[in-house]
Amino acid sequence: MNIVLGVSGGIAAYKAPELVRRLQDLGAAVRVILTPNAARFVSPLSLAAVSHHGVITDQWGDPAKGGVDHIEMARWAELLLIAPATANVIAKLAVGIADDALTTYSVAHRTAIMVAPAMNWSMLQHATVVQNLATLRSRGVEIIDPESGYLAEGEEGEGRLAAIPAIVERVKMHRGTRDLEGKRVLVTAGPTREAIDPVRYLSNRSSGRMGYAIADAARRRGATVTLVSGPTSLEVPPGVDITRIDTAKEMLEAVMAKAASHQIVIKAAAVADFAPETVADRKIKKPADRGTIELSLRKNPDILASLATVHPRPFIVAFAAETDSVEKNAREKLERKGADLIVANDVSDTTIGFDSDENEVLILGRDGSSVRVERSPKLVIANRILDAVVARLG
Ligand SMILES: Cc1cc2nc3c(=O)[nH]c(=O)nc-3n(C[C@H](O)[C@H](O)[C@H](O)COP(=O)(O)O)c2cc1C
């Protein structure tokens, strides 16, 4: 695969040589174009050395060589990946400004474009950046969303360049396995909310990111995907059909109504095990005479157990969030619930899993198999889970 990597002038440009190496691991040939400002953050010489090719920083090229580099390159390239993409480059792409080597090339480029923004959270939320990214999306440009975390300015927030393995995974997916073509996949995601009174509820820390990543990956691999989602703030992946629910009971109803028409059901939602026995129809007042109140909980329906009764029975992937004896407890759950695969994660490590961009899981099969996926972006985990499903469907 021939990739043109465009690098623009943000702090994260220092990650570009590593990105080139990881793209080469996929068997890709990579040629690099830097904006003049990017060359302040990362050395063109390093990029020339790792890419085994001259790096373009100046659109006027070398008059002695003749030819127009950007047109020749556009014939060669199968993908333009801009990482990191500054707010400035994103704006230029949105309106077609071509005033340096990278933006001129971008206008000449004829195949797919992926853009990985990286900037401070306040820039990312600016109306122009939001609008320019929407414009690029509407034109079919794939945006590789930035991550949340520690930013170079010493703040926490969303805007950090997506992790290199996540970018590489997107490129790999672009090259495209369509091994789920013709399959219907039902994915559940997010938390549920169990009402206590009209304004309060019980819920959990699930962000929904794992389930949304699976839905996105399955769709890109050719599946028709239905997502049944609890409340999240995430964007629905393009091409995915969504049903929104609040409670475990609603989740059960939605899943049971759809399961028989899907060959694969992946239950990534964190469904509440308990709900308040009664829901007060008025806001519960603070008791004046006591420091405590009692809340009586009843068990919620077991969606996994209900799924095992569906005809025709879909291939079922369950999740187990454990805090101790992860493999043992997950394997017991796999047997007890009659799932085909179980994805176990250790939720005692608060830096991964719930509400995080990364996870580390064990994928356990009924056949006794066990695959550990080391700490990786959730999109990578999603694809490894789908690999395990595809391998078992034959
Ligand atoms: C130290 C420093 C770090 C910067 N980091 C970023 C960044 O991460 N993202 C961004 O959009 N702009 C960042 N900027 C601003 C860009 O460098 C500036 O908008 C520049 O014009 C971008 O040029 P280019 O898009 O042509 O590479 C940074 C500026 C400085 C001085």
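For clarity, every value in this text was computed on a predicted model and none was experimentally measured.

**Focus on the overall build of the chain**
Then, in step 1: A count of helices and strands for the chain gives 13 helices and 19 strands.
Then, in step 2: Dimensions of the chain along its principal axes, counting C-alpha atoms only, are 85 × 55 × 35 Å.
Then, in step 3: Taken over 394 residues, the chain has a buried fraction of 49%.
Then, in step 4: Expressed as a percentage of contacts within the chain between residues at least 6 apart in sequence, the contacts between residues at least 24 apart total 69%.

**Remarks on the pattern of salt bridges**
Then, in step 1: Per the stated rule, a full pass over the model turns up 26 salt bridges.
Then, in step 2: Two residues, K337 and D302, come together in a salt bridge whose shortest N-O distance is 3.2 Å. Note that K337 is positioned in helix α12 (residues 326–337) and D302 in the loop between β15 (297–299) and α11 (303–307), a separation of 35 residues in sequence.
Then, in step 3: Here D302 falls in the partly exposed class, since its relative accessible area comes to 33%.
Then, in step 4: The structure contains a network of salt bridges with shared partners spanning E169, K172, D179, R221, R384 and D387.

**Focus: the nonpolar core**
Then, in step 1: Formed by 35 residues in total, the largest nonpolar core has its most connected members in I214, I266, V317, F319 and I385.
Then, in step 2: Element by element, the count of residues in this core is highest for helix α13 (residues 378–393), at eight residues.
Then, in step 3: Apart from the residues lying within four places of it in its own chain, the contact partners of I266 are V185, L186, V187, T188, I214, V317, F319 and L386.
Then, in step 4: Residues A16, V30, V50 and A116 belong to the second largest nonpolar core, which totals 32 residues.

**Brief notes about the packing of helix α8 (residues 164–175) against α13**
Then, in step 1: α13 packs onto α8 with a crossing angle of 45° between their chain directions and a minimal axis gap of 8 Å. When the interaxial angle is binned, α8 and α13 end up oblique. Where α8 abuts α13, its residues P165, A166, E169, R170, K172 and M173 lie against L379, V380, N383 and R384.
Then, in step 2: Per-class residue counts for the contact of α8 with α13 are five nonpolar, one polar and four charged.

**Some thoughts on the site of the ligand**
Then, in step 1: Close to the ligand lie 14 residues, the nearest being G9, T35, T86, A87 and A118.
Then, in step 2: In the environment of the ligand, an oxygen atom lies 2.8 Å from a nitrogen or oxygen atom belonging to the backbone of A87.
Then, in step 3: In the complex, 66% of the free accessible area of the ligand, which totals 640 Å², lies under the protein chains.
Then, in step 4: Take the shell around the ligand: its biggest share by element is three residues, from helix α4 (residues 87–95).

**Quick look at a nonpolar patch on the surface**
Then, in step 1: On the surface, a cluster of nonpolar side chains totalling about 320 Å² of accessible area is made up of I11, Y14 and F41.
Then, in step 2: The topology assignment puts F41 in the loop between β2 (29–34) and α2 (44–51).

**Some remarks on the sheet that holds strand β11 (residues 224–229)**
Then, in step 1: Here we have eight strands laid out as an open sheet, ordered β12-β11-β8-β13-β16-β17-β18-β19, and mixed in their pairing. In this open sheet, the two strands that pair with only one neighbour each are β12 (241–244) and β19 (370–377). Pairs of neighbouring strands in the sheet enclose a mean axial angle of 20°, with direction left out of account.
Then, in step 2: As judged from the five bridges shared by strand β17 (residues 341–346) and strand β18 (residues 358–365), these two strands associate in the antiparallel manner. Bridge assignment links L341 to a residue of β18, and that residue is G365.
Then, in step 3: Sitting on the sheet, helix α10 (residues 248–258) is in contact with β8 (184–189), β11 and β12, with an inclination near 175° to β8.
Then, in step 4: Sheet contacts for α12: β16 (315–322), β17, β18 and β19; angle to β17, the most-contacted strand, approximately 150°.

The rules behind each value
- Residues numbered from 1 in each chain as written.
- Predicted model: local features only at pLDDT ≥ 70, side-chain atom pairs only at ≥ 80, totals over all residues.
- Heavy atoms only, no water.
- Helix = DSSP H or I, 4+ residues; strand = E, 2+ residues; numbered from the N terminus.
- Buried < 20%, exposed > 50% of the residue type's maximum accessible area, 1.4 Å probe, protein only.
- Contact = heavy atoms within 4.5 Å.
- Salt bridge = Lys/Arg side-chain N within 4 Å of Asp/Glu carboxyl O.
- Core = buried A, V, L, I, M, F, W, Y, C linked by side-chain atoms within 4.5 Å.
- Axes fitted to C-alpha atoms, helices over the stretch in contact; angles between N-to-C directions.
- Parallel < 35°, antiparallel > 145°, perpendicular 65-115°, else oblique.
- Nonpolar A, V, L, I, M, F, W, Y, C, P; charged D, E, K, R; others polar.
- Near = heavy atom within 4 Å.
- Polar contact = N/O pair within 3.5 Å; in protein donor to acceptor, adjacent residues only side chain to side chain.
- Areas by Shrake-Rupley, 256 points an atom, 1.4 Å probe, with all protein chains shown as cover.
- Patch = residues over 30% accessible without salt bridge, like charges linked within 9 Å, V, L, I, M, F, W, Y side chains within 5 Å.
- Pairing = 2+ DSSP bridges.

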